[in-house]
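Next come the chains, spelled out residue by residue.
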Amino acid sequence: VQLQASGGGLVQAGGSLRLSCAASGSLISVNNMAWYRQASGKERDFVAAVPWDGSRITYYSASVKGRFAISKDIAKNTVYLQLNALKPEDTAVYLCAAGPTSPDSINTPRRYDYWGQGTQVTVSS
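Residues numbered from 1 in each chain as written. Predicted model: local features only at pLDDT ≥ 70, side-chain atom pairs only at ≥ 80, totals over all residues. Heavy atoms only, no water.

Caption draft 1: Examining the layout of surface pockets more closely. Estimates place the volume of the largest pocket at around 150 Å³. Residue contributions to the lining of the largest pocket peak at three residues, all from strand S5 (residues 44–51). Per-class residue counts for the lining of the largest pocket are four nonpolar, four polar and five charged. (1 Å grid on protein atoms, 1.4 Å probe; cavity = no way out; pocket = protein on both sides within 12 Å on 5 of 7 lines; lining within 4 Å. Points joined across faces, edges and corners; volume = space filled by probe spheres on them. Helix = DSSP H or I, 4+ residues; strand = E, 2+ residues; numbered from the N terminus. Nonpolar A, V, L, I, M, F, W, Y, C, P; charged D, E, K, R; others polar.)

Caption draft 2: Just the nonpolar core, in detail. Counting 28 residues, the largest nonpolar core has Met33, Trp35, Val47, Phe68, Leu81, Leu83 and Tyr94 as its most contacted members. Of all the secondary-structure elements, those providing two or more residues to this core are strand S1 (2–6), strand S3 (17–24), strand S4 (32–38), S5, strand S7 (68–73), strand S8 (78–83), strand S9 (92–99) and strand S11 (119–124). Discounting chain neighbours no more than four positions away, the residues touching leucine 83 are Gly15, Ser16, Leu17, Leu19, Arg67, Phe68, Tyr94 and Val121. Ala34, Phe46, Ala49 and Ile106 belong to the second largest nonpolar core, which has eight residues in total. (Core = buried A, V, L, I, M, F, W, Y, C linked by side-chain atoms within 4.5 Å. Buried < 20%, exposed > 50% of the residue type's maximum accessible area, 1.4 Å probe, protein only. Contact = heavy atoms within 4.5 Å.)

Caption draft 3: Seen up close, the pattern of salt bridges. Taken as a whole and assessed by the stated rule, the structure comprises three salt bridges. In this structure, arginine 67 and aspartate 90 form a salt bridge, with 2.7 Å as the shortest nitrogen-oxygen distance. With arginine 67 in the loop between strand S6 (59–60) and S7 and aspartate 90 in the loop between S8 and S9, this pair connects stretches of sequence that are 23 residues apart. When sorted by exposure, arginine 67 lands in the same class as aspartate 90, which is buried. (Salt bridge = Lys/Arg side-chain N within 4 Å of Asp/Glu carboxyl O.)

Caption draft 4: Region of the structure containing the state of the cysteines. Within this structure, the stated rule accounts for one disulfide. Cysteine 21 shares a disulfide with cysteine 96; S-S distance 2.1 Å. The S-S bond linking cysteine 21 to cysteine 96 shows a torsion near 65°; that makes this disulfide right-handed. Remark: cysteine 96 occurs in strand S9 and cysteine 21 occurs in strand S3; sequence separation between them is 75 residues. (Disulfide = S-S within 2.5 Å.)

Caption draft 5: Representation of the sheet that holds S1. Taken in spatial order, the four strands of this open sheet run S1-S3-S8-S7, and their pairing is antiparallel. In this open sheet, the two strands that pair with only one neighbour each are S1 and S7. Between one strand axis and the next, the sheet turns through 15° on average, direction left out of account. Where S1 meets S3, five bridges bridge the pair, whose relative direction is antiparallel. Note that in S3 the partner of glutamine 4 across the bridge is alanine 22. (Pairing = 2+ DSSP bridges. Axes fitted to C-alpha atoms, helices over the stretch in contact; angles between N-to-C directions.)

Caption draft 6: A look at the pairing of S5. Summarising burial for S5: six of the eight residues are buried, a large majority. Relative to S5, S4 runs antiparallel, the two being bridged by seven bridges. Directly across from tyrosine 36, in S5, lies its bridge partner phenylalanine 46. Counted along the chain from S4 to the antiparallel partner S5, the turn is five residues long, and its residue glycine 41 has a positive phi close to 80°.

This is the structure we're talking about:
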């Protein structure tokens, strides 16, 4: 499985971006697709996740809930992350991940088998 993230950029505080993560290869072992972010010098943090099935369940970290929205297009093997009301503290490399995670491990990076290369989001004040 290969993951290709795109859509990052430079935006002013309060602005919006839409990230995409296109997956190629067999996703038969994937239970969830997720977005993480990693700011310079900091650990990788969970942002959002979505089951790779027909459910409408979504998961968010407390810091982005209500501002970000994760969605999926299974036919296109693509997961999206809509970033709204961006803040300077949202600046980070955003990475997509896929793996056989369960709801209990949805925010545990080591439980994801596949990672994309990341896309930079920079929010200016």
